[in-house]
Amino acid sequence: MKKIYFGTNLKMYKGNTDVVKYLSELSDFYNTFRSKYEIELFVIPSYTTLKDAVETVKIKMGTQTIKVGAQNMNPNENGQFTGEISPLMLKELGVKLVMIGHSERRHIMKETDQEENEKVLSSLQHQFITLLCIGETLEQKNYDISDEVLRTQLKIGLYGVNIEQLPLLRIAYEPVWAIGTNGVPATAEYANEKHAVIKQCLFELFGEEGNKIPILYGGSVNPSNSDELISQSYIDGLFVGRSAWDALNFHSLITNALKKAEDAEK
Ligand code: PGA
């Protein structure tokens, strides 16, 4: 069965009380999704909320049907890394997914491709679903080197990953110029074109198995562009920020996108 992916990164916006409320509403909605597709839904809140986030989903749904993810992770299991959070600490809480290399971490915290690579390897080794975020800046797009940038981020970020680990890997393509309040969403056509570049690079790295790695689009996804984005041939899912932070809005965005994906296939 074809699988469609939806996720949201809550950035530094919701504290514990808000995350519990949000996830309990989203869990109620989740039970109403009807689709011929399998859905993978994940929510990535702040570290301080993870314990209660995992518990909330478990209480509401029995299992962790909505996957709770962490926004970052130190690659080491323990050590002299004050202020950091290790894979073992996330495991202990029942976290299922780790996001690596979000544009804000690359550009505000100055994380490098090599650092993202260490985190990717550690995250996969610890059996987390691993969401590697990549994307070009506006300057790189204007120099017409977007494809080269994406290929570099993939080739360094995924260096040393084994074919057996690929079922845990997800890629989010988020052009930096499309993200956040000042972002301009990519057109569906542009996004699809870049997803094709990413797919091709994953094929070069991993052969046929590389073609199965899901690629989500993110960057100002909203109710007026989500349907068109999800209908594109190389877009396997949507990674949503602001338009997902109200559970009802996220629910209707997903419901509409699923319907659109079904219609597009007919
Ligand atoms: P946005 O955020 O949808 O609010 O642009 C996307 C992201 O940063 O992942």
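- The name that an unreviewed UniProt entry assigns to the protein chain is Triosephosphate isomerase, with the source organism given as Rodentibacter trehalosifermentans.
- A UniProt comment under Subcellular location (unreviewed entry) is attached to the protein chain, and it reads "Cytoplasm".

## Some thoughts on unusual backbone geometry
At step 1: The backbone of Lys-11 sits at a positive phi, close to 50 degrees, despite the residue not being glycine.
At step 2: By the element assignment, Lys-11 lies in the loop between strand S1 (3-9) and helix H1 (16-30).
At step 3: What makes Lys-11 buried here is its relative accessible area of 14%.
At step 4: The phi angle at Ser-220 is positive, at roughly 55 degrees, despite the residue not being glycine.
At step 5: Its location among the elements puts Ser-220 in the loop between strand S7 (215-218) and helix H9 (226-230).
At step 6: Judged by its relative accessible area of 11%, Ser-220 is buried.

## Digging into the environment of Ala-196
At step 1: Within the element layout of this structure, Ala-196 appears in helix H8 (residues 188-206).
At step 2: Separated by 37 residues in sequence, Ala-196 and Ser-233 have C-alpha atoms that sit 8.8 Å apart.

Here is what the cut-offs are and how they apply
Residues numbered from 1 in each chain as written. Predicted model: local features only at pLDDT ≥ 70, side-chain atom pairs only at ≥ 80, totals over all residues. Heavy atoms only, no water. UniProt positions renumbered as here; feature names shortened; annotations may be inferred. Helix = DSSP H or I, 4+ residues; strand = E, 2+ residues; numbered from the N terminus. Buried < 20%, exposed > 50% of the residue type's maximum accessible area, 1.4 Å probe, protein only.

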